[in-house]
Amino acid sequence: MIPVVMPTYARADVVFERGEGPYLYATDGRRFLDFAAGVAVNALGHAHPYLVEKLTEQAQKLWHTSNLFRVAGQESLGKRLTEVTFADTVFFTNSGAEAWECGAKAVRKYHYDSGNPQKNRIITFEQAFHGRTLGAISAAKQEKLVHGFDPLLDGFDQVPFGDLDAVRAAITPATGGICVEPIQGEGGIRAGSVEFLRGLRALCDEHGLLLFLDEIQCGMGRTGKLFAHEWAGITPDVMCVAKGIGGGFPLGACLATERAASGMTAGTHGSTYGGNPLATAVGNAVLDVMLAPGFLDDVQKTSVLLRGRLEELIARHPSMFLELRGQGLMLGLKLGQPVGEVVAKLRANGLLSVPAGDNVVRLLPPLNIGEAEVNEAVGILDRTAQECVG
């Protein structure tokens with residue numbers, strides 16, 4: 001018989017009952033150091049006191065009114081996001097996939113309203129991941145995502161990640177935008193170089209295209225800056241974010257310049273729950289913490305420490321750990337053994353991690369970890385390597 005919860009996940013046999021900071025506690029009493037963070041969602045760890053305070057405060061006043069009315073939390077959070085980013089306007093969603101869909105629609109609508117309805121195609125990249133909607137899997141085209149879901153939606157032209165010449169060759173009179181993750185998460189923690197990202201911006205400017213960044217996983221402080229594209233010194237026209245923006249509460253957002261969002265007028269898009277008072281209260285609280293003086297500096301310092309320890313680990317176990325990838329606290333270890341087996345062994349030893357493409361294990365800890373958690377995680381990785389390869 002089919003389970004009452006639809007079996008679309010190969011779930012580990014563990015149930016968590018509470019979390020505290022960087023730790024999760026299972027119903028059987030086991031404690032785990034959480035370097036998965038809900039796949040980069042619990043950016044401030046579990047049960048962060050300030051987030052709990054702000055959520056509880058809002059829950060006692062108002063949960064939902066609908067987007068037929070003004071929502072104070074959206075206006076305050078939107079104002080703050082536009083003040084610290086390239087954007088002039090924000091549409092709030094419940095998830096990353098919804099934020100991505102809003103961005104894709106904004107790209108098409110911009111060209112339609114600009115008198116170029118033929119510019120309705122978007123260039124995307126191999127091994128991309130933008131969510132699980134039909135639109136998002138049609139853009140990513142990964143076999144494991146699309147198998148059995150044909151026909152896919154048209155409108156996306158895919159090229160190798162990091163290949164500017166391939167991007168240039170793919171641009172046609174029907175191209176309206178380029179969509180890219182500055183760092184691919186699901187694709188194996190593959191970072192686009194500064195030159196690649198700057199080249200994409202230049203191509204968009206040259207051909208009148210919109211640059212559409214997916215920072216769902218690599219944004220919100222994950223790389224040591226609020227958004228990963230800042231390292232390249234560029235700005236997009238449209239950007240989707242989620243995961244860490246709500247610190248564990250369902251929240252996403254599509255950010256855009258006034259020009260790029262010019263087609264998104266009343267009635268063109270909507271969301272029943274997106275940006276409700278509960279979600280935006282938590283989103284504002286997350287920003288309070290992340291924008292506090294020194295927070296992102298500390299993320300960068302912790303990243304340097306963790307990278308150094310992981311490089312030492314690779315030197316000790318070169319047949320187990322083949323390569324270190326990523327930036328900030330979005331790191332990946334390419335493995336010499338099957339990633340699924342290694343993730344399971346790490347979990348058995350008390351460390352939660354996330355598998356990714358190209359046989360990579362992702363390490364995505366809360367951004368507010370310190371030296372003690374780094375040492376504990378590396379110790380578990382070391383012990384696990386010894387158990388695997390001796």
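As a starting point, this report considers the structure included with it.

Cut-offs used in this document
Residues numbered from 1 in each chain as written. Predicted model: local features only at pLDDT ≥ 70, side-chain atom pairs only at ≥ 80, totals over all residues. Heavy atoms only, no water. Salt bridge = Lys/Arg side-chain N within 4 Å of Asp/Glu carboxyl O. Helix = DSSP H or I, 4+ residues; strand = E, 2+ residues; numbered from the N terminus. Buried < 20%, exposed > 50% of the residue type's maximum accessible area, 1.4 Å probe, protein only. Core = buried A, V, L, I, M, F, W, Y, C linked by side-chain atoms within 4.5 Å. Contact = heavy atoms within 4.5 Å. Pairing = 2+ DSSP bridges.

1. Section: the pattern of salt bridges
Here is step 1: The tally for this structure, following the rule as stated, stands at 20 salt bridges.
Here is step 2: One salt-bridge network, in which partners are shared between bridges, spans Arg201, Asp205, Asp237 and Arg259.

2. Overview of unusual backbone geometry
Here is step 1: A cis amide bond, omega 0 degrees, links Asp150 with the succeeding residue Pro151.
Here is step 2: Examined against the element boundaries, Pro151 turns out to sit in the loop between helix H6 (143-146) and strand S6 (156-159).
Here is step 3: We note that Lys141 has phi near 65 degrees; this positive angle belongs to a residue other than glycine.
Here is step 4: Since its relative accessible area comes to 33%, Lys141 is described here as partly exposed.
Here is step 5: Unlike most non-glycine residues, Asn359 shows phi in positive territory, near 55 degrees.
Here is step 6: Mapping Asn359 onto the fold places it in the loop between strand S16 (354-356) and strand S17 (360-363).
Here is step 7: Using a relative accessible area of 24% as the deciding quantity, one classes Asn359 as partly exposed.

3. A look at the nonpolar core
Here is step 1: Counting 79 residues, the largest nonpolar core has Leu310 and Leu333 as the members making the most contacts within it.
Here is step 2: The contact partners of Leu333, leaving out residues within four places of it in the chain, are Leu310, Ile314, Phe321, Glu323, Leu324, Asn359, Val360, Val361, Leu363 and Leu381.
Here is step 3: If you look at the next biggest cluster of nonpolar residues, it comprises 21 residues, including Cys102, Cys179, Cys240 and Cys254.

4. Looking at the pairing of strand S2 (residues 23-26)
Here is step 1: Residues Tyr23 and Tyr25 point to one face of S2 and Leu24 and Ala26 to the other, with burial holding for every one of them.
Here is step 2: Here strand S1 (residues 16-20) runs beside S2; their pairing, made up of four bridges, is antiparallel. Counterpart to Glu20 in the pairing with S2 is Tyr23.
Here is step 3: Between S1 and S2, which follow one another and run antiparallel, lie two residues, and Gly21 among them has a positive phi close to 60 degrees.

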